[in-house]
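What follows is each chain in one-letter form.
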Amino acid sequence: MRHPYLVYAGRRLAQAVVVILLTYVFTFVVVSILPGDPVTNVLRDPQNGFSEEQIQAIVAAQGLDQPLLVQLWTALTHFLSGDFGLSMRSSRPVATLIAEVLPSTLALASAGLAVALGLAFAIAYGTQFLPGRLGSGLRALPSLFLSVPNFVIGLVLIHAFGFQLGLFRVIEPESAWATAFAAIALGIPISAQIAEVLIANLDHEARQDYAAVARSRGLSPARLFARHLLKPSSLPVVTVIALTVGELLGGSLVTEAVFGRNGVGSLVQRSAAAQDLPVLQAVVALAALIFVLVNLAADLVYPLLDPRITLAGPAARRPGKADEAPHDAPLRTVTG
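Under an unreviewed UniProt entry, the name given to the chain is ABC transporter permease, and the source organism is Methylobacterium nonmethylotrophicum. Here the chain is described in UniProt, under the heading Subcellular location (unreviewed entry), as follows: "Cell membrane".

**Student:** Teacher, can you tell me more about the overall build of the chain here?
**Tutor:** A count of helical and extended segments in the chain gives 14 helices and 2 strands. Within the span of the chain, comprising 336 residues, buried residues form 40% of the whole. Taking contacts inside the chain between residues at least 6 apart in sequence as the whole, the part at least 24 apart equals 70%. With an accessible surface of roughly 17,300 Å², the chain has 66% of that area assigned to carbon and sulfur atoms.

**Student:** Explain the UniProt feature "transmembrane region" (unreviewed entry) in the chain here, please?
**Tutor:** On the UniProt side, "transmembrane region" (unreviewed entry) is annotated at positions that read residues 12-34, 106-127, 148-171, 177-199, 237-259 and 279-302 here. Overall, residues 237-259 shows 96% helix and 0% strand. The separation of its end C-alpha atoms is 29 Å.

**Student:** Got a minute to help me understand the side chain of Ser252 in this structure?
**Tutor:** Tracing the backbone shows Ser252 in helix α12 (residues 245-259). By relative accessible area, Ser252 is classed as buried at 0%. Once you skip the residues sitting within four places of it in the chain, Ser252 turns out to touch Thr105, Leu108, Ala109 and Leu186.

**Student:** Is there a simple way to explain a nonpolar patch on the surface in this structure?
**Tutor:** A cluster of nonpolar side chains, contributed by Phe151, Val152, Leu155, Val156 and Val254, occupies part of the molecular surface with about 400 Å² of accessible area. Its place among the elements puts Phe151 in helix α8 (residues 150-164). The class for Phe151 is partly exposed, based on a relative accessible area of 40%.

**Student:** What am I meant to see in the environment of Val283 here?
**Tutor:** Its place among the elements puts Val283 in helix α14 (residues 277-305). Through-space distance from the C-alpha of Val283 to that of Ile98 is 7.8 Å; in sequence the pair is 185 residues apart. For Val283, the contacting residues outside a window of four places in its chain are Ile98, Val264 and Val268.

**Student:** Would you explain the nonpolar core in this entry?
**Tutor:** Membership of the largest hydrophobic core comes to 36 residues, with the highest contact counts inside it found for Phe168, Ile190, Ile194, Leu202 and Phe259. Elements that contribute at least two residues to this core include exactly α5 (94-129), α8, α9 (176-206), α10 (209-216), α11 (221-243) and α12. Here the element with the most residues in this core is α9; it accounts for 15 residues. Judged by nonpolar contacts, the second largest core, of 11 residues, contains Phe28, Ala75, Phe79 and Ala285.

**Student:** What exactly am I supposed to notice about the packing of α5 against α11 here?
**Tutor:** Relative placement of two packed helices is described by the angle separating their axes and the distance separating the axes. Look at α5 against α11: their axes get within 11 Å of each other, and the N-to-C directions meet at 130°. Viewed along their axes, α5 and α11 adopt a mutual orientation that is oblique. Two packed elements cross with a definite hand, and for α5 against α11 that hand is right-handed. For the pair α5 and α11, contact is made by Leu113, Leu117, Phe121, Tyr125 and Phe129 and by Pro221, Ala222, Leu224, Phe225, Leu229, Leu230, Ser234, Val237 and Ile241, respectively. Among the residues making up the contact of α5 with α11, the classes are represented as 13 nonpolar, 1 polar and no charged.

**Student:** Looking at this model, I keep getting lost on the pattern of salt bridges. Mind explaining?
**Tutor:** Side chains bearing opposite charge may pair, as long as their charged atoms lie close to each other. Under the counting rule described, the total for this entry stands at 5 salt bridges. Asp203 serves as the salt-bridge partner of Arg139, at 3.0 Å between the closest nitrogen and oxygen. You can see Arg139 sitting in the loop between α6 (132-138) and α7 (141-147) and its partner Asp203 sitting in helix α9, a full 64 residues away along the chain.

Rules behind the numbers
- Residues numbered from 1 in each chain as written.
- Predicted model: local features only at pLDDT ≥ 70, side-chain atom pairs only at ≥ 80, totals over all residues.
- Heavy atoms only, no water.
- UniProt positions renumbered as here; feature names shortened; annotations may be inferred.
- Helix = DSSP H or I, 4+ residues; strand = E, 2+ residues; numbered from the N terminus.
- Buried < 20%, exposed > 50% of the residue type's maximum accessible area, 1.4 Å probe, protein only.
- Contact = heavy atoms within 4.5 Å.
- Areas by Shrake-Rupley, 256 points an atom, 1.4 Å probe, with all protein chains shown as cover.
- Patch = residues over 30% accessible without salt bridge, like charges linked within 9 Å, V, L, I, M, F, W, Y side chains within 5 Å.
- Salt bridge = Lys/Arg side-chain N within 4 Å of Asp/Glu carboxyl O.
- Core = buried A, V, L, I, M, F, W, Y, C linked by side-chain atoms within 4.5 Å.
- Axes fitted to C-alpha atoms, helices over the stretch in contact; angles between N-to-C directions.
- Parallel < 35°, antiparallel > 145°, perpendicular 65-115°, else oblique.
- Left-handed = near helix turned anticlockwise from the far one by under 90°.
- Nonpolar A, V, L, I, M, F, W, Y, C, P; charged D, E, K, R; others polar.

This is how it looks when you write it as structure tokens:
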């Protein structure tokens, strides 16, 4: 499997690079054809106090007086070298502005993902081993979580635990408690998708012969879940996590606004209001980069986790819930 896997990994890496470059080009073209002139809206604003000579110097320095194709080539080469240009709002390097707020957003997104995974696995475990209506009631929670937006959950948490119980101060949104409740608001809707996939696969695995044999040996529900049901049922979760990265990032921006955190969301809000195009382009490209890299990692890990998959052809397709086969199924050849 070593040689086919290396070929597959190389092809997937090349596809990821192409997707990232096309995303940046698409973003550049869309932003460039939007109505409104950033030079007029930002540099010629009387409150900024730029003289005509200074405006012309800034325009020339950023290459805004060049044809669109020249601007695209210059921006793309700078992007590949890690240079996102200067902010038209603050005249500071865009990379510096993003580096100042990115850790807060990544911390929130990581904590939100941890909450989502913990909640999803707890719900899935309860649906399998809690008796009667209690276990059946847990099956309705994912649908409930999906129907409630994360900003509504955030407002409820702020009112209940911030204002009423005083567990965190609203004026300190970066504190540990505030981050924890922001992560809960972010993770609850995302946990629903993971829980639904996990419950469906647990139901499938629990009906297999090996699960019946394990029960006949007197294994406790916890050991049966951890040693026999969890691993085969968790494989599709890798796919779901990769697909929800976009929702996780988007939800982080909304949650930051609700809790007043200074992250990428606040930077996007300020840049959009000021039509600071270099910052907006860099943020969109960064989001696309994270999304593509996470999905690339999922594609590369899945064949290593599932021994039922063999690689053939130029690429392999990452299976989801519908592609899962019983444990007694033969090895499967996956082609792209």
